[in-house]
Structures are given as structure tokens and as C-alpha cells.
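Understanding the architecture of this molecule
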Amino acid sequence: MKILVINAGSSSLKYQLINMDDESVIAKGNCERIGIDGHITHKTFDGKTVSEDCDFPTHTEAFERVVKALTEGEAAVIGSMEEISAVGHRIVQGAEVFNKTTLVTDEVIDKIDDLAELAPVHNHPHALALRACKKVIPANVPQAVVFDTAFHQTMSEKAFMFGMPYECYEKYHVRKYGFHGTSHRFVSAALADAMGKDIKDLKIVSCHLGNGSSITAINGGKSVDTSMGFTPLDGVIMGTRSGCVDPSAVTFVQQKLGLDAHGMSEYLNKKSGFLGITGISSDNRDIESAAKEGNKRAALAQEMLAYGIKKYIGSYTAVMNGLDAVIFTGGLGENSPSVRLNVCKDMEYLGIKIDEELNSKERGKLVKLSTADSKVQVWVVPTNEELLIARDTKELCGL
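Each value, and the rule that gives it
- Residues numbered from 1 in each chain as written.
- Predicted model: local features only at pLDDT ≥ 70, side-chain atom pairs only at ≥ 80, totals over all residues.
- Heavy atoms only, no water.
- Buried < 20%, exposed > 50% of the residue type's maximum accessible area, 1.4 Å probe, protein only.
- Helix = DSSP H or I, 4+ residues; strand = E, 2+ residues; numbered from the N terminus.
- Pairing = 2+ DSSP bridges.
- Contact = heavy atoms within 4.5 Å.
- Polar contact = N/O pair within 3.5 Å; in protein donor to acceptor, adjacent residues only side chain to side chain.
- Core = buried A, V, L, I, M, F, W, Y, C linked by side-chain atoms within 4.5 Å.

Take the pairing of strand 12 (residues 325–329) next. Most of strand 12 sits inside the fold, with five of its five residues counted as buried. The pairing of strand 9 (residues 203–208) with strand 12 spans five bridges and is classified as parallel. Among the inter-strand pairings, H208 is bridged to a residue of strand 12, identified as T329. Sheet analysis places strand 12 next to strand 14 (residues 377–380), joined by four bridges and oriented parallel. Residue pairing for strand 14: V326 is matched across the bridge by V378.

Shown next as C-alpha cells:
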């Protein structure tokens, strides 16, 4: 059984074809610069590659090229799209409309598009991609949508509400939604399996760290709080995003710089974070190198990230009345020993102790980093959102 997983952005379309018999990736790729010019990169399980410029005026042409990459030429992996059992799509914002994986219909696509105001960079492109996919994929192949926000719909009102007039929630749906839910759900379940525990018995803080980062409190397998809020801007400092900032500081700087609302949003989302603090880069690898060479602002950015994560771990431990494990996942969480060490050091009061030598060696694989006498276990758990989307799609479609 083969399931195609689609992750569409405003100008990109990433995909993976997964063999669900053994959950291996048959092929994967990315259509970039949609609406500009276009380029496709396609790789197969046995090392064949395609990389070429294409004409992608819309997502429809990109899907057509994906079909061609999968079915034609030396890097083809299937004879026709009829071999695909289902298609699963990642959707960023489901708001309170969608709290679970859902079959794709025209009405569902329209509702996703209606939520574009809450995720303008993502939801409208998702809707465009879904409509394009319906034109290209055979009508008898079921399609499902998996929402990043769905996992966080278990948060209580006291956790998701802001201290603004209640009408902001009633009229404009302003509340904490949280993101990276698909990743947090995958790694928490994988951790429970690795520990040999029932997830219902575990209290976990999951740290998804990358260019965008979010920390989630997971109690009994359910999200009870998370660091990202109404948008992915809130929480810890990120690559180009500021993380949490006093709202009055935002309006103060907006006035000083003479920016409108859009300009200020761009300032906080694309010019802040690691890039804004260091003036060097948004990439943590560049910042680590600069810090080692004595760059104080690079060192400060690293300290700010670790400090912010520590605060979330401590506060979420209080919220859950305990803590069994901490997960590090995402590009930074899986591959940056220094980030993990900076977060975990000086946390003995909470029962967190990691093996520093082991931590320094491990990258990108499932491994327990905590010492034998650590009361709280610390793990690296590689995320795999595409696989979870494929599993959800398989289950929903009854395959």
C-alpha cells in the first residue's frame, strides 16, 4: 500500500511517497518557486535523482510535474497514480473547526480557505494545493487533511484564552492555537514506546526546536499547554521570529520606526530572533560557530534560547504537577548537543541530569541522554510528521 503525503506552502510543494507495508520512503521531493518560475528536486529510495527548472505558474502545474516524476523517466517509482491508495495533506491551521484528521471534500477545502485570515501564509496556499490535487489525482483515490493545530484542541480555556476582552475571542477567534502538533503527537507516542510505558501514564515536555520552535506540555498523551500562540510567533526566540515580547514594546517600536501593522509583523517574524540579536544569521550552526569564536551577541542568542526553554519546562512541570520525561526533536533538538546541554544543565533541582559525553556524540537518532540517577528521563526523538500523516490517512480511509 502506497500513500502520498503532501506539504504545500505558498510557493512550494513538498511530497513523500511512503510504502505503508514497512513505512519506508519510496521517493520524496520538493517543487519550489511556484508562481515565480519553478524548480523540482526528486529523489528515490535507491538514489536516483531529478533536479531541473520547470514552469510552475500555479500549484496545479507543480502537481502535474510530481505525477510525472513519480511515474515517468529513470527516477519513476510507480507505473501510474492508480497505484496510490490515498493522499494525506498537512494543514497548518484548523482553528476550532477541525480537531481531527478529516476527509477532503469541496466543503472542507472551502472551510480551510475561510481560515486563511488566521494563517495567511499557509491556509490559502493549502486550499490552492488541495484544489490542484483534486484535478490531478484520480477521483477514486481518497484524500485526507491532517491539522497542526488539532493536537492542541485538548487545551482548556484557562490555557488557551488571552487576557483580552472576551469579545475578541467570540468575534475574531483570538486565542492560543499552538502549532507543530503533528510533530509533538508523533514524538510523544514514539517516546512512550521507547520507554515501554502507556502514554496515558506519562507527563512529558516536548521541545520541537528548529528555525521555528515550540514547547508543549503533554499529560497522558494530550496537549495541555504549548508555547506558540495565536500564530507561530509566540514562545521562545527562533531563527527570525522574536518569540514572546511585551505587547507595549511592539507598539512602542512600531511608532519609533513608523511601521504599519504589516510592517511590524514582518519586523517581528522575519527580522528578529537569532538574526535580529546576532546580526549574523538565523541559522543556529552559524551562531554556534560565531559564539565559539568569541562573538558575544551570538553567545547571548544561545543563552536566550536555553533560558526560555528552561522556563517553559519549569512552568509546564508545575502545570502538570510532575514530569517524567523531556523530549528534544526537530533540526536543533535532534542535532545540536550544545542546545540540549545548555537547557539541561543546572536543572538538578527538577531531577534532570544528562550524560554530557553521550550528549556530545549523539545526533539525529532515538537515544536516551539522561543518567541512571536522573529522576526525569531526557530523550532525543527524531520527528517524522510525514509518517504520522500517512498513518492518520491510512486509518481514516480504512485501508
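Moving on, there is more to tell.
Take the environment of Q153 next. Mapped onto the elements of the fold, Q153 is located in the loop between strand 8 (143–147) and helix 4 (157–160). Its relative accessible area of 21% is what places Q153 among the partly exposed residues. Taking the C-alpha atoms as reference, Q153 lies 18 Å from H208; in sequence the two are 55 residues apart. Excluding residues within four positions of it along the chain, Q153 makes contact with A95, E96, F98, N99, R175 and Y177. Only 3.2 Å separates the side chain of Q153 from the backbone oxygen of A95, close enough to count as a polar contact.

Further remarks concern the nonpolar core. One finds I215, I309, I313, L323, V326 and I352 to be the most contacted residues of the largest nonpolar core, which totals 36 residues. Mapped onto this core, the elements with two or more residues apiece are strand 9, strand 10 (214–219), helix 10 (284–292), helix 11 (296–320), strand 12, helix 13 (337–344) and strand 14. Element by element, the count of residues in this core is highest for helix 11, at nine residues. Those residues in contact with I313 that sit more than four places away from it in its chain are V205, L323, V326, V343, M347, L350 and I352. Core analysis: the second largest hydrophobic core is formed by 28 residues, I6, C31, A62 and I84 among them.

This part is about the sheet that holds strand 11 (residues 222–226). The strand order across the open sheet formed by six strands is 11-10-9-12-14-13, and the pairing between neighbours is mixed. Edge positions in the sheet fall to strand 11 and strand 13 (367–368), since each of these pairs with one other strand and no more.

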